[in-house]
Amino acid sequence: MTSQQDNDKKLAAEMAVSMLRNGMTVGLGTGSTARFALHAIAEQRLEIKGVPTSWQTAELARSLGIPLVDINDVPYIDITLDGADEFTPSLDLIKGGGAALLHEKIVAVRSRQLVIMTDASKRVAQLGKFRVPVETIPFAVRYVQDRLAAMGASSSVRHGVLTDEGNAVIDADFGLINDPAALGAQLKAITGVVEHGIFAGMAALVLMGDNGRVERFPQ
Ligand code: 5RP
């Protein structure tokens, strides 16, 4: 990753953090862009309560003094700030490069607003260059891979990786995805699949850092 990319992620994260207000319950995403957001929250001494999407994020939040709350102890989350592996200008996403997709999706559906922070390398016209992460019960891995093959996807298991819920991650290559929501529904229907990394129509806003400025989607 270039330092320009890092700088753009940081800019996008700082703009997302400027949307926060004291007293909010905030979903805290996972990954390098989300880390920039956590640092900005701590630096600005914002009085928020965070709902982390992974143990790594929870650890970082604790180390920065950001108070955390259990997702089951709040009626909703005001806003979630998270990264993505790919996004389209029509706000479909692929997430899960950091294997946190299940908790990220639960936090997203519990949120009034999902704000995605990225750099320009994540923007695509159509999803599918990044393989779709499929979180799977370990007992079902071979079966799920066979079903993915029957759907026309090559796939591989992410070796040495278990999610926070103890599941395996299979990365599936479907080529360019014409209908992300339909593919997501098909994946969800496979027995043994817990969740997949297609976030279709869930984001309210994408903030994309690009060469020192931030572009918004929708514009
Ligand atoms: C983790 C994710 C991340 O948001 C995604 O991988 C982007 O990461 P980064 O901000 O490091 O580029 O979905 O499961």
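This is a predicted model, so every value here is computed, not measured. (Residues numbered from 1 in each chain as written. Predicted model: local features only at pLDDT ≥ 70, side-chain atom pairs only at ≥ 80, totals over all residues.)

Concerning the packing of helix 1 (residues 3-17) against helix 2 (residues 32-43)
Consideration 1: Contact geometry of helix 1 with helix 2 gives a least axis separation of 8 Å together with a crossing angle of 50°. Here helix 1 is positioned oblique relative to helix 2, judged by the angle of their axes. The interaxial crossing formed by helix 1 with helix 2 has right-handed handedness. Where helix 1 approaches helix 2, its residues Lys9, Lys10, Ala12, Ala13, Glu14, Ala16 and Val17 are matched on the opposing element by Ser32, Thr33, Phe36, Ala37, Ala40 and Ile41. (Axes fitted to C-alpha atoms, helices over the stretch in contact; angles between N-to-C directions. Helix = DSSP H or I, 4+ residues; strand = E, 2+ residues; numbered from the N terminus. Parallel < 35°, antiparallel > 145°, perpendicular 65-115°, else oblique. Left-handed = near helix turned anticlockwise from the far one by under 90°. Contact = placed C-beta atoms within 7 Å.)

Concerning the sheet that holds strand 12 (residues 205-210)
Consideration 1: If you trace the six strands from one edge of the open sheet to the other, you get 2-1-3-6-12-13, paired in mixed fashion. Each of the sheet's edge strands pairs with one partner strand only, and the pair in question is strand 2 (49-52) and strand 13 (213-217). With strand direction ignored, the average angle separating the axes of adjacent strands in the sheet is 25°.
Consideration 2: Where strand 12 and strand 13 come together, five bridges link them in antiparallel fashion. Counted as the bridge partner of Met208 is Glu215 from strand 13.
Consideration 3: Taken strand by strand, helix 1 contacts strand 3 (79-82), strand 6 (114-119), strand 12 and strand 13, and its axis lies near 160° from that of strand 6.
Consideration 4: Most of the contacts of helix 4 (residues 101-109) go to strand 3, to which it runs at about 150°, and overall it touches strand 1 (25-28), strand 2, strand 3 and strand 6. (Pairing = 2+ DSSP bridges.)

Thoughts on the site of the ligand
Consideration 1: Taken together, 17 residues lie near the ligand, and Gly31, Thr33, Gly83, Gly97 and Gly98 sit nearest.
Consideration 2: Secondary structure elements with two or more residues in the shell around the ligand: helix 2 and helix 4.
Consideration 3: In the shell around the ligand, the residues fall into four nonpolar, nine polar and four charged. (Near = placed C-beta within 6 Å. Nonpolar A, V, L, I, M, F, W, Y, C, P; charged D, E, K, R; others polar.)

Digging into the nonpolar core
Consideration 1: In terms of nonpolar packing, the biggest core is built from 57 residues, with Ala16, Ala37, Leu38, Leu81, Val115, Ile116 and Met117 touching the most fellow members.
Consideration 2: If sequence neighbours within four positions are ignored, Ile116 has contacts with Asp82, Gly83, Ala84, Phe87, Leu93, Ala203 and Val206. (Core = buried A, V, L, I, M, F, W, Y, C linked by C-beta atoms within 7 Å. Buried ≥ 20, exposed ≤ 12 C-beta atoms within 10 Å, placed from the backbone.)

Here's the deal with helix 2
Consideration 1: Between its first and last C-alpha atoms helix 2 spans 17 Å; for twelve residues at 1.5 Å apiece the expected length is 16 Å, and the two agree.
Consideration 2: Those residues of helix 2 that sit buried are Thr33, Ala34, Arg35, Phe36, Ala37, Leu38 and Ile41.
Consideration 3: Looking at the packing, one finds that the buried side of helix 2 touches helix 1, strand 1, helix 3 (55-64), strand 3 and strand 6.
Consideration 4: In the stretch just after helix 2, Arg45 is the one whose phi turns positive, near 50°. (Expected span 1.5 Å × (residues − 1).)

Section: the UniProt feature "active site" (unreviewed entry) in the chain
Consideration 1: The sites that UniProt annotates as "active site" (unreviewed entry) are Glu104.
Consideration 2: Take Glu104: it is sitting in helix 4.
Consideration 3: When residues no more than four places from it in sequence are discounted, the contact partners of Glu104 are Gly29, Thr30, Thr53, Asp82 and Lys95. (UniProt positions renumbered as here; feature names shortened; annotations may be inferred.)

Here we look at the environment of Asp73
Consideration 1: With respect to the secondary-structure elements, Asp73 resides in the loop between helix 3 and strand 3.
Consideration 2: Classification of Asp73 as exposed rests on a count of 9 C-beta atoms within 10 Å.

Digging into the sheet that holds strand 8 (residues 154-157)
Consideration 1: What the four strands build is an open sheet, ordered 8-9-7-10; its pairing is antiparallel. At either end of the open sheet lies a strand with only one pairing partner, and these are strand 8 and strand 10 (193-196). Between one strand axis and the next, the sheet turns through 25° on average, direction left out of account.
Consideration 2: Taken strand by strand, helix 5 (residues 141-150) contacts strand 7 (132-136), strand 8, strand 9 (168-173) and strand 10, and its axis lies near 10° from that of strand 9.
Consideration 3: Strands in contact with helix 6 (residues 180-188) are strand 7 and strand 10; relative to strand 10, the strand with the most contacts, it is inclined by about 160°.

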